[in-house]
Each structure stands twice: as structure tokens, then as C-alpha cells.
Amino acid sequence: MADPCLPQKYRWDWVDCNQDSSPSIIAVTLPDKHLNGTIPPSFATLSALVKLDLARNNLSGSIPEALATLSNLNYLNLIDNDLNGSVPIGLSEKQQRGELIMRQVSFLLQNKSVIMLSV
């Protein structure tokens, strides 16, 4: 598989990389790409990830608990998908500490609609 960060002139347009001598992926921006399926827990292997934007797709299932292990993640946008379940505790705690902005994640929990917004 090709390296999405190198060489720079062939970088993928939906991936941002840092400028370190050994670049790492810091952002994955895939809104409105008609993605289907679940959010892969393997996103958690991108240890330098700061931003994950998967808004306005057809993603289903729950938010992987593994995303909470991303210590640099400070922006998560999952608006307008078909997600269910609850927001993982680790992500909720990061949001409460002001370390993470989650954009309009809506879930149906025990017949009540819960919307999480952060500024």
C-alpha cells in the first residue's frame, strides 16, 4: 500500500500529514463521500491523529471505543450518519475536559434522543 504522506506531490487529498522527518497522518477528512459500513477501530492505529471528520455519510453501528485511545484527537465530526449506541466513556471524558470537540453526535438511548454538542 502506498504511503499517504510521501512523496508529498502524491499525497492523498483527504489526508493531512505533519511535517516531521517521518510524517504521520494527523487528519482524515471524508465528509460527504457516501461511505457505508461501520467506523473501523483501526483508526486508533493512527497515533498522531488530531482530526477525524466522517460527517454526512451512511456509517452505522457504534463509535469504536478504540478512538478514545487517540491522545492527540481533538476534533471528531460524525454528524448525519446512522450511528447507534452510546458515546464511548473515554471520548465523553475527553470532551468534558475540553480536550475534544464532538460535532452533533446524536443517539437514541432508552427511547430518549441525546444530542452532544461542544463549542
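Numbering of residues starts from 1 in every chain and runs along the sequence as written. Confidence filtering applies because this is a predicted model: local features only for residues at pLDDT of at least 70, side-chain atom pairs given and counted only at 80 or more, and all residues used for totals across whole chains, interfaces and linings. The side-chain quantities take in all heavy atoms of the structure and omit both hydrogens and water.

## Describing the nonpolar core
What we call a nonpolar core is a set of buried Ala, Val, Leu, Ile, Met, Phe, Trp, Tyr and Cys residues that are connected through their side-chain atoms within 4.5 Å. The cut-offs for exposure are 20% and 50% of the maximum accessible area for each residue type, with area from a 1.4 Å probe on protein chains only; residues under the lower value are buried, those over the upper are exposed, and the others partly exposed. Counting 23 residues, the largest nonpolar core has Ile39, Leu52, Leu54, Leu67 and Leu91 as the members making the most contacts within it. Here a strand is any run of E in DSSP of at least two residues, a helix any run of H or I of at least four, and the numbering for each starts at the N terminus. Counting residues per element, the ones that place at least two in this core are strand S1 (15–17) and strand S2 (25–29).

## Side note on the pairing of S2
Pairing geometry for S1 and S2, over 3 bridges, is antiparallel. Of the residues in S2, the one forming a bridge with cysteine 17 is isoleucine 25. Strands were regarded as paired on the criterion that DSSP finds at least two bridges between them.

## A closer look at the sheet that holds S1
Taking strand neighbours across the sheet as the criterion, the 5 strands line up as S1-S2-S4-S6-S8 in an open arrangement whose pairing is mixed. The strands lining the two open edges of the sheet, one partner per strand, are S1 and strand S8 (101–103). Each neighbouring strand pair of the sheet contributes to a mean axis angle of 10 degrees, computed without reference to strand direction. The angle between two axes is taken between their N-to-C directions and runs from 0 to 180 degrees, where each axis is a line fitted to C-alpha atoms and a helix contributes only its stretch in contact.

## Here we look at the pattern of salt bridges
Any carboxyl oxygen of Asp or Glu within 4 Å of a side-chain nitrogen of Lys or Arg constitutes a salt bridge here. This structure, assessed with the given rule, holds 2 salt bridges. With a closest N to O distance of 3.0 Å, arginine 56 and aspartate 32 form a salt bridge. Here arginine 56 is found in the loop between strand S4 (51–53) and strand S5 (58–61), whereas its partner aspartate 32 is found in the loop between S2 and strand S3 (36–38), with 24 residues between them in sequence. Residue classification places arginine 56 among the partly exposed positions, given a relative accessible area of 38%. For the salt bridge of arginine 97 with glutamate 99, the shortest nitrogen-to-oxygen distance reads 3.0 Å. Residue class for glutamate 99 comes out partly exposed when judged on its relative accessible area of 38%.

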